[in-house]
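So you can see what is in the structure, the chains are spelled out below.
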Amino acid sequence: MASAAQQAKQFWNHPAGPKTIHFWAPTFKWGISLANVADFQSPIEKVSVPQQCAVALTGLIWTRFSTQIKPVSPWPCQPDQQRPQRRRRALTHPLAIHPSTHVFFCCQINYNLATVNFFMAMTGLYQLYRVASHKPKAPAE
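Values in this document were obtained by computation on a predicted structure and should not be read as measured data.

Focus: the packing of helix H3 (residues 49-66) against helix H5 (residues 111-133)
Turning to step 1, where the next piece is worked out: Where H3 contacts H5, the two axes come as close as 7 Å, and the packing angle between them is 150°. One element, H3, and the other, H5, form an angle in the roughly antiparallel class. Note that H3 runs across H5; the crossing there is left-handed. Packed against H3, whose contacting residues are Val 49, Gln 52, Cys 53, Val 55, Ala 56, Thr 58, Gly 59, Leu 60, Trp 62, Thr 63 and Ser 66, the element H5 presents Leu 113, Ala 114, Asn 117, Phe 118, Met 120, Ala 121, Thr 123, Gly 124, Leu 125, Gln 127, Leu 128 and Val 131 at the interface.
Turning to step 2, where the next piece is worked out: Residues belonging to the contact of H3 with H5 are distributed by class as follows: 14 nonpolar, nine polar and no charged.

Following this line, the structure appears as structure tokens:
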């Protein structure tokens, strides 16, 4: 079992860790989902259908895409992931300016990105469900 210091170091040096955009972009994207959750209590008439369609579709599309992309990090991956075929690919990668520059492809899914996009899709779909199931009040005569 790894100590807390080792786990913190592993998190800090992770290819999708806090030193990269792969961490911060999804982290700030949580704000959109949380704002959508806050809107669950708002009147249904104030829910924007085009906005919720955009939120839901963005979430669905990027959830799928986030399972396919692999973070690229200029820092070496853990030793068990440095296989020769990845090293050969890294040396021919456009980010490798010089043959001595190593850019490794790390085969780790960015779970923060996948989770935030899935949550975003679910909140958008729920808002659209609220709009679709809303029965307008009959005008008073």
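Once you've had a look at it, read on.
A look at the environment of Asn 110
Turning to step 1, where the next piece is worked out: Structurally, Asn 110 can be placed in the loop between strand E2 (104-105) and H5.
Turning to step 2, where the next piece is worked out: Owing to a relative accessible area of 6%, Asn 110 belongs among the buried residues under this scheme.
Turning to step 3, where the next piece is worked out: On a C-alpha basis, the gap between Asn 110 and Ser 66 in space is 6.9 Å, while along the polypeptide they are 44 residues apart.
Turning to step 4, where the next piece is worked out: Setting aside chain neighbours within four positions, we find Asn 110 in contact with Ala 16, His 22 and Pro 26.

Considering the packing of aromatic side chains
Turning to step 1, where the next piece is worked out: Using the criterion set out here, one finds seven aromatic pairs in the structure.
Turning to step 2, where the next piece is worked out: Seen in terms of ring centroids, Phe 40 and Tyr 126 are 4.7 Å apart; in terms of plane orientation they differ by 70°. Their pairing is edge-to-face. You can see Phe 40 sitting in the loop between helix H2 (21-38) and H3 and its partner Tyr 126 sitting in helix H5, a full 86 residues away along the chain.
Turning to step 3, where the next piece is worked out: The exposure class assigned to Phe 40 is partly exposed, which follows from its relative accessible area of 23%.
Turning to step 4, where the next piece is worked out: Taken together, the ring pairs connect Phe 11, Phe 23, Trp 24 and Phe 28 into an aromatic cluster.

Reading the values: rules and limits
Residues numbered from 1 in each chain as written. Predicted model: local features only at pLDDT ≥ 70, side-chain atom pairs only at ≥ 80, totals over all residues. Heavy atoms only, no water. Axes fitted to C-alpha atoms, helices over the stretch in contact; angles between N-to-C directions. Helix = DSSP H or I, 4+ residues; strand = E, 2+ residues; numbered from the N terminus. Parallel < 35°, antiparallel > 145°, perpendicular 65-115°, else oblique. Left-handed = near helix turned anticlockwise from the far one by under 90°. Contact = heavy atoms within 4.5 Å. Nonpolar A, V, L, I, M, F, W, Y, C, P; charged D, E, K, R; others polar. Buried < 20%, exposed > 50% of the residue type's maximum accessible area, 1.4 Å probe, protein only. Phe/Tyr/Trp six-rings, centres within 6.5 Å; stacked < 30°, edge-to-face > 60°.

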